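Okay, here's what each chain looks like letter by letter:
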Amino acid sequence: MLNNLLISLRKVMINLKIKKFLETIGLYDYIKNIYRSFIIFIGKNGLRLKIQDVSAKIIVSNPIEVSIWQSLCNEGEFLQKFLSKINHHTVFYDIGTHIGLYALSAAKYKITPKFIYCWEPEPFIFKRLQENINLNRIERILPFSVALGSENSIIEMSTRTGELGYFTPTLAIKSSKSTPVQVVKGDDWVYKKKLHLPSIIKIDVEGYEFNVLKGLEATIRQSKPIIFLEIHPAFLKELGIEKEQVLTFLREMDYKITFSSSRGKQEHYIFEPLNKKSLD
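Quantities reported herein were computed from a predicted structural model and do not represent experimental measurements.

Quick question: what am I supposed to make of the environment of Q80 here?
Note on placement: Q80 falls in helix α5 (residues 72-84). Look at Q80 and you get partly exposed, because its relative accessible area is 35%. Setting aside anything within four residues of it in sequence, one finds Q80 in contact with I51 and Q52.

Right, here's the structure in full:
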């Protein structure tokens, strides 16, 4: 009930007429800060996700996590398309898991997937991911605190600040704040860890997506998974890569785009194989 109340209050807060009125009388920022503080106060024990038939919770304990919880409606269409592809045979690779929106949604969906693997290299966020997994008592999920790429290496990840939740970590740009993370070639990791082959892959790695795809080329060719891909053209350019190179790479592996949309500086794509191989 409290969770529904918070969502209703959020709808009121973003109502343009109400927002304009509150701004006119100088109360909008004051009320927004009170609302945010209230969410953080009760969110430390977990707030429920409101997406289709998902019954998962995520811990909300700082302003950025509040924004993540509030922005679920922005992920809505892409996330719902992802959930619609899940069945009891699904093996899901969540690459760039962050605090676990997709992994948790899949695990707590009405149709339970066979297994979920997560990759999140940033230490503070990985800790939050583990806490969210434990909070939801999820089985058949295995998180890895490494990044996937095209070769094995140690690379600096830009974090901007070391405080949990106040940054979007990326391997594509440099900043004054960074932390070394282990990067492993995807195909090598799948073989070394004897992972189930994927039927669905989600990649959201803030500009490192081409490296991830190249490192998983053999796995993708073998299993022909559906690929949910978030592309960051500006971050790609920091690595000397154009968006078209990513699209061409997948087309040359006999993939077609079945969905695309833009949200700010991000682009969402769904790629499906022209000739699907069954892993059932």
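Please clarify how the pattern of salt bridges should be interpreted in this entry.
Two side chains bearing opposite charge may form a pair once their charged atoms approach each other closely. By the definition in use, this model includes seven salt bridges. When the shortest N-O distance is used, the salt bridge between D94 and K202 registers 2.6 Å. Highlighted residues: D94 in strand β3 (residues 91-95) and K202 in strand β9 (residues 200-203), separated in sequence by 108 residues. By the burial criterion, D94 is buried, and K202 matches it. In this structure, K127 engages E131 in a salt bridge whose closest nitrogen and oxygen atoms are separated by 2.7 Å. Note that K127 and E131 are positioned in helix α7 (residues 123-135) at a spacing of four residues, about one turn of the helix.

Would you mind going over the sheet that holds β9 with me for this structure?
Hydrogen bonds between backbone groups are what pair the strands of a sheet, and the pairing can be parallel or antiparallel. Strands sit in the order β5-β4-β3-β9-β10-β12-β11 across an open sheet of seven strands; the sheet is mixed. Each of the sheet's edge strands pairs with one partner strand only, and the pair in question is β5 (141-144) and β11 (255-263). The average undirected angle you get between the axes of adjacent strands in this sheet is 10°. Of the strands in this sheet, β4 (115-119) and β5 touch α7, which is tilted by about 170° from β5. Across the face of the sheet, helix α12 (residues 243-251) comes into contact with β10 (226-231), β11 and β12 (266-273) while running at roughly 175° to β10.

Cut-off values and rules
- Numbering of residues begins from 1 in every chain and follows the order in which that chain's sequence is written.
- A pLDDT threshold of at least 70 governs which residues receive local features in this predicted model, and a stricter bar of 80 or more applies before side-chain atom pairs are shown or counted, although totals over entire chains, interfaces and linings include all residues.
- The side-chain values count all of the structure's non-hydrogen atoms but skip hydrogen atoms and water molecules.
- The helix and strand labels rest on DSSP assignments: H or I over at least four residues marks a helix, E over at least two residues marks a strand, and numbering proceeds from the N terminus.
- Throughout, exposure labels follow a simple rule: accessible area from a 1.4 Å probe, protein chains only, divided by the maximum for the residue type, with under 20% read as buried, over 50% as exposed, and the rest as partly exposed.
- Two residues qualify as a contact provided that any one of their heavy atoms is within 4.5 Å of a heavy atom in the partner residue.
- Salt bridges are counted wherever a side-chain nitrogen of Lys or Arg sits within 4 Å of a carboxyl oxygen of Asp or Glu.
- Strand pairing follows a simple DSSP-based rule, namely that at least 2 bridges must link the two strands.
- In this analysis an axis means a line fitted to C-alpha atoms, helices contributing only their contacting stretch, and an angle means the value between N-to-C directions, from 0 to 180 degrees.

Coordinates in, geometry out; function isn't part of it.
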